[in-house]
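So you can see what is in the structure, the chains are spelled out below.
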Amino acid sequence: MRVNYYSRPGCSLCEEGLLTLKLVQSDFPFEIAVINIEENEAIHEKYMLMIPVVEKNGAIIQYGNLDYVTLYEAFQP
């Protein structure tokens, strides 16, 4: 499974969020695709006020201040 992680360089909230997502990754096997929103104008417009954003199977799981419990529950089988 692949999870999209939308962020931008220099975003401390994004760096924290990625660490949280990697903790969940240690419990459930999935690939993280880190996407820099500044490299695509449409993605930048869509997510610029929401980052970081975690997207699984085309649906947003969580955005902004990410927490382990919400992410963990989203990956439960």
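Up top you'll find the structure we're talking about.
Keep in mind the model is a prediction, meaning the values are calculated, not measured. (Residues numbered from 1 in each chain as written. Predicted model: local features only at pLDDT ≥ 70, side-chain atom pairs only at ≥ 80, totals over all residues. Heavy atoms only, no water.)

(A) Layout of the overall build of the chain. Looking only at helices and strands, the chain has three helices and four strands in total. Its helices and strands in sequence order give the chain the pattern β-α-β-α-β-β-α, from N to C terminus. Its C-alpha atoms give the chain a radius of gyration of 12 Å, within 12% of the compact-globule value 11 Å for 77 residues. Along the first, second and third principal axes, the C-alpha atoms of the chain reach 35 × 25 × 15 Å. Counting contacts in the chain only where the partners sit at least 6 residues apart, residues at least 24 apart contribute 60% of the total. Of the roughly 4,700 Å² that the chain leaves accessible, carbon and sulfur atoms contribute 51%. Averaging the locations of the 5 positively and 11 negatively charged side chains of the chain gives two centres separated by 4 Å. (Helix = DSSP H or I, 4+ residues; strand = E, 2+ residues; numbered from the N terminus. Rg over C-alpha atoms; globule rule 2.2 N^0.38 Å. Contact = heavy atoms within 4.5 Å. Areas by Shrake-Rupley, 256 points an atom, 1.4 Å probe, with all protein chains shown as cover. Lys, Arg positive; Asp, Glu negative; His and termini not counted. Charge placed at Lys NZ, Arg CZ, Asp CG, Glu CD.)

(B) Representation of a nonpolar patch on the surface within the structure. A cluster of nonpolar residues, Leu23, Tyr68 and Val69, forms a patch on the protein surface that exposes about 270 Å² of accessible area. For Tyr68, a relative accessible area of 32% puts it in the partly exposed group. (Patch = residues over 30% accessible without salt bridge, like charges linked within 9 Å, V, L, I, M, F, W, Y side chains within 5 Å. Salt bridge = Lys/Arg side-chain N within 4 Å of Asp/Glu carboxyl O. Buried < 20%, exposed > 50% of the residue type's maximum accessible area, 1.4 Å probe, protein only.)

(C) Seen up close, the nonpolar core. Tyr5, Leu21, Phe30, Val54 and Phe75 are the most contacted members of the largest nonpolar core, which totals 20 residues. Only strand E1 (2-7), helix H1 (12-25), strand E2 (31-36) and strand E3 (53-56) provide two or more residues apiece to this core. The leading source of residues in this core is H1, at four residues. With residues near it in sequence (within four places) discarded, Val54 still touches Val3, Asn4, Tyr5, Leu21, Ala59, Ile60, Ile61, Gln62, Leu66 and Leu71. (Core = buried A, V, L, I, M, F, W, Y, C linked by side-chain atoms within 4.5 Å.)

(D) Structural view of the side chain of Thr20. Structurally, Thr20 can be placed in helix H1. Setting aside residues no more than four positions away along its own chain, Thr20 makes contact with Leu66, Asp67, Tyr68 and Leu71.

(E) Region of the structure containing the state of the cysteines. Counted according to the given criterion, the structure contains one disulfide. Note that Cys11 is cross-linked by a disulfide to Cys14, the S-S spacing being 2.4 Å. Linking Cys11 and Cys14, the disulfide has an S-S dihedral of approximately 75° and is accordingly described as right-handed. (Disulfide = S-S within 2.5 Å.)

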